[in-house]
Amino acid sequence: MNFDALIEALPEIIDGLEVTIAIWLAGCLFGPLLGLAIALGRQFGPRWLDRGLWAFVEVIRGTPFLVQMFLLYYGGPFIGLDLDPTPAGLLGLIVYGAAYFSEILRGGLIAVPKGHVEAALCVGLDRGQVIRRILLPEMTLLVLPACVNMWVVLLKETAILSIITVPEFTLAVTAFGSATFAFTQSAAVLALAYWGLTELTGRLGRSLEARFDRFRLV
Amino acid sequence: MTQDAAITMRNVVKRFGGNTVLRGVDLDVRHGEVTCLIGPSGSGKSTLLRCAAFLEEHDDGIIRIGGAPIGYDAAADGSRTRLPPGEIARVRRSIGMVFQQFNLWPHMTALGNVAEGLRQVLRLPKREAQDRAMAHLTRVGLAERASFYPSQLSGGQQQRVAIARALAMDPKIMLFDEPTSSLDPELTGEVLTVMRDLAAEGMTMLVVTHEIGFAAHVGQHIVFLDEGRIALEGRAGEVFRKPWHPRMAQFLQTYLDRGASVLLEG
Ligand SMILES: Nc1ncnc2c1ncn2[C@@H]1O[C@H](COP(=O)(O)OP(=O)(O)O)[C@@H](O)[C@H]1O
Ligand SMILES: [Mg+2]
């Protein structure tokens, strides 16, 4: 390997890693939030809203992320959505994640035992209080493992953003690989780095699950 | 009599699809009495209780809680009008419900479960809500378990917390749906004891139970439900000593076969 070239490229690679992590964390936070809005709209909103959101979720889940990014980045300008690569990538990842998170969270809402809601109604909680105090907390506990899984998926999907030239980690490392012909080494670096991050995420998830164990359903 | 009743049901009908589960039930639950609802599995006992709390919507008839109609009121032309949600919640406030499956909220401690309604519904300050919740936990003998989560409690303890949670809202009537049926036999006693104490304090109770001994000793009014109809009702002593209805006799026989006759004596 050409070390001079590596030293030269390092700042760009580190910047790329930062961009990847920033976009990923934004996806991990805003994906579930938008997903929650979709899930609540589908569960408690009028029928037309459920139908509309259902169609949206199905389209997102039924097409490759790569194709969605092409459509957003190259097709966006035709509908007045002319975004730079990074905002486009960020938006794309959040929307993509939201579709999956909405299904995870909806599954969680449905899985909360009906009796827990009935007990709350009998105590006198109103609809909003039942959602805030009972459904959302219990849902969170139920969906945690699936969410950790989805966070890992989102991290790996960020690599796709290199295709629309978001200056993220995969783009920076592959650019270095092409410049120095160190294709294999750079691919190995990519694999190691992503794997390290997913492993970290998995650990965080497991420690959260252990911490929440006392809240488990009985 | 109707005015005095804690719960009155008139011609209550409930269907699930094509399955008619309650076929015109007339029932009076009197203030200060323990009414026990017994009957074969699938006869509609849970449905009846759930209709009283309006957790199920009855398809016909009128149900009154302390005189106030719940869910539907009779209109002048004999039809029914649906009452608004706020009104349903208001009438429901005089009911406390205890479920077979406890239904404690797993993300709250025992104290949190009992204090929740005091905080959210009665809007009591945190300290006051906790003090009151603690008093109710003490009443069911669980003060020292206040900070435990449901997953850390036995079934009997969970059910006692659930009773405390219902009592904390100061209901006029307590509804119990087979409160000991999902408990191991050695844990039913502690729950029945709490219920017996409650009855002794004069609480109005409507109890669905398979504990024939409890029904015979604590129950004052016995209602035998069979295929969605009240087949037989009366004072506890009479009903158990002279179960004149063949279905009731047959129903009791299944208990006697299991050696429960001793429970009916005395
Ligand atoms: N939510 C429901 N949907 C459809 N059928 C129901 C539902 N709840 C109860 N049933 C039916 O109503 C009948 C009476 O049930 P239930 O009131 O639970 O009886 P019990 O408590 O006396 O055992 C049963 O046939 C049961 O299958
Ligand atoms: Mg039942």
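Residues numbered from 1 in each chain as written. Chains lettered and ligands numbered in written order. Predicted model: local features only at pLDDT ≥ 70, side-chain atom pairs only at ≥ 80, totals over all residues. Heavy atoms only, no water.

## Structural notes on the overall build of chain B
Counting its regular elements, chain B contains 10 helices and 12 strands. In summary, chain B has a C-alpha radius of gyration of 19 Å against a globular reference of 18 Å for 266 residues, a match within 12%. In terms of its C-alpha atoms, chain B occupies a principal-axis envelope of roughly 55 × 50 × 35 Å. Counting over 266 residues, chain B shows a buried share of 55%. Residue pairs in contact within chain B that sit at least 24 positions apart in sequence constitute 62% of those at least 6 positions apart. Surface exposure of chain B reaches about 11200 Å², of which carbon and sulfur atoms provide 48%. (Helix = DSSP H or I, 4+ residues; strand = E, 2+ residues; numbered from the N terminus. Rg over C-alpha atoms; globule rule 2.2 N^0.38 Å. Buried < 20%, exposed > 50% of the residue type's maximum accessible area, 1.4 Å probe, protein only. Contact = heavy atoms within 4.5 Å. Areas by Shrake-Rupley, 256 points an atom, 1.4 Å probe, with all protein chains shown as cover.)

## Topic: the interface of chain B and chain A
Taken together, the contact pairs 26 residues of chain B with 23 residues of chain A. Summed over both partners, the interface of chain B with chain A comes to about 2100 Å²; 61% of that surface belongs to carbon and sulfur atoms. Run the count over chain B and chain A and you get 2 salt bridges. One salt bridge connects Arg133(A) with Glu116(B), and the closest N-O pair in it is separated by 2.6 Å. Connecting chain B to chain A are 7 residue pairs in polar contact (both at pLDDT 80 or more). For the side of chain B that touches chain A, the secondary-structure elements that each account for two or more residues are β8 (95–98), α3 (110–120) and α5 (155–168) of chain B. Looking at the side of chain B that touches chain A element by element, the count peaks at 3 residues for α3(B). (Buried area = accessible area lost by both parts, 1.4 Å probe. Salt bridge = Lys/Arg side-chain N within 4 Å of Asp/Glu carboxyl O. Polar contact = N/O pair within 3.5 Å; in protein donor to acceptor, adjacent residues only side chain to side chain.)

## Some points on the packing of α3(B) against helix α4 (residues 126–139) of chain B
All names here are of chain B. Where α3 meets α4, the closest approach of the two axes is 8 Å, and the angle between their N-to-C directions is 125°. Relative to α4, the element α3 lies oblique. Pair α3 / α4 crosses with right-handed handedness. Facing α3, whose interface residues are Ala110, Leu111, Val114, Ala115, Leu118 and Arg119, α4 presents Lys126, Ala129, Gln130, Arg132, Ala133, Met134, His136 and Leu137. (Axes fitted to C-alpha atoms, helices over the stretch in contact; angles between N-to-C directions. Parallel < 35°, antiparallel > 145°, perpendicular 65-115°, else oblique. Left-handed = near helix turned anticlockwise from the far one by under 90°.)

## A word on the sheet that holds strand β2 (residues 19–30) of chain B
Residue and element names in this part refer to chain B. Read across the sheet, 4 strands follow the order β2-β1-β4-β5 without closing on themselves; strand pairing throughout is antiparallel. In the strand order of this sheet, the two ends are held by β2 and β5 (68–69), each with one partner. Both strand β1 (residues 5–16) and strand β4 (residues 60–65) contribute to a ladder of 5 bridges, which runs antiparallel. By the bridge assignment for β4, Met9 is matched with Ile63. (Pairing = 2+ DSSP bridges.)

## Thoughts on the nonpolar core
Across soluble globular proteins, you tend to see nonpolar side chains buried next to one another. Core analysis: the biggest nonpolar cluster contains 144 residues, and Ile163(B), Met174(B), Leu175(B) and Met205(B) have the highest contact counts within it. At 13 residues, helix α6 (residues 127–157) of chain A tops the list of elements feeding residues into this core. Mapping this core onto the domain boundaries places at least three of its residues in each of domain 1 (5–94 + 173–265) and domain 2 (106–171) of chain B. (Core = buried A, V, L, I, M, F, W, Y, C linked by side-chain atoms within 4.5 Å. Domains from an automatic or database assignment.)

## Some thoughts on the site of ligand 1
Residues and elements named next belong to chain B. Ligand 1 sits among Phe16, Asn19, Val21, Pro40, Ser41, Gly42, Ser43, Gly44, Lys45, Ser46 and Thr47. A distance of 2.8 Å separates an oxygen atom of ligand 1 from a polar atom in the side chain of Ser46. In isolation ligand 1 exposes 560 Å². Once the protein is present, 60% of that is buried. Going through the elements one at a time, β2 and α1 (45–52) are the ones with two or more residues in the shell around ligand 1. Looking at the shell around ligand 1, the element that brings in the most residues is α1, giving 3 residues. Looking at the shell around ligand 1, its residues break down into 3 nonpolar, 7 polar and 1 charged. (Near = heavy atom within 4 Å. Nonpolar A, V, L, I, M, F, W, Y, C, P; charged D, E, K, R; others polar.)

## A closer look at a positive patch on the surface
On the surface, a cluster of positive charge is made up of Arg132(A), Arg119(B), Arg123(B) and Lys126(B). Within the element layout of this structure, Arg123(B) appears in the loop between α3 and α4. Judged by relative accessible area, Arg123(B) falls into the exposed class, the value being 59%. (Patch = residues over 30% accessible without salt bridge, like charges linked within 9 Å, V, L, I, M, F, W, Y side chains within 5 Å. Lys, Arg positive; Asp, Glu negative; His and termini not counted. Charge placed at Lys NZ, Arg CZ, Asp CG, Glu CD.)

## Considering the side chain of Thr204(B)
As for its position among the elements, Thr204(B) is in strand β10 (residues 204–208). Residues contacting Thr204(B), with those up to four places away along its chain left out, are Ala6(B), Val29(B), Arg30(B), His31(B), Gly32(B), Glu33(B), Lys172(B), Ile173(B) and Met174(B).

## With respect to the sheet that holds strand β9 (residues 173–177) of chain B
Residues and elements named next belong to chain B. Taken together, the 6 strands give an open sheet; going across it, the order is β8-β9-β10-β3-β11-β12, and neighbouring strands pair in mixed fashion. Each of the sheet's edge strands pairs with one partner strand only, and the pair in question is β8 and β12 (229–235). Ignoring strand direction, the axes of neighbouring strands in this sheet form an average angle of 15°. Two elements, β9 and β10, share 5 bridges in a ladder whose sense is parallel. Bridge assignment links Leu175 to a residue of β10, and that residue is Leu206. The strands that helix α6 (residues 185–200) touches are β3 (34–38), β9 and β10; relative to β10, the one it contacts most, it runs at about 145°.

## What to know about the packing of α3(B) against α5(B)
Residues and elements named next belong to chain B. In the contact formed by α3 and α5, the axes pass within 8 Å of each other and the chain directions differ by 20°. When the axis of α3 is compared with that of α5, the two are roughly parallel. Of the two possible hands of crossing, α3 and α5 adopt the one that is right-handed. Facing Ala110, Asn113, Val114 and Leu118 of α3, the residues of α5 in contact are Val161, Ala164, Arg165 and Ala168.

## Focus: the domain arrangement of chain B
Residue and element names in this part refer to chain B. Taken domain by domain, chain B consists of domain 1 (5–94 + 173–265) and domain 2 (106–171). On a C-alpha basis, the centres of domain 1 and domain 2 stand 25 Å from each other. Counting residues at the interface gives 15 residues for domain 1, matched by 15 residues for domain 2. Between domain 1 and domain 2, roughly 1200 Å² of surface is buried when both sides are summed, and carbon and sulfur atoms account for 68% of that area.

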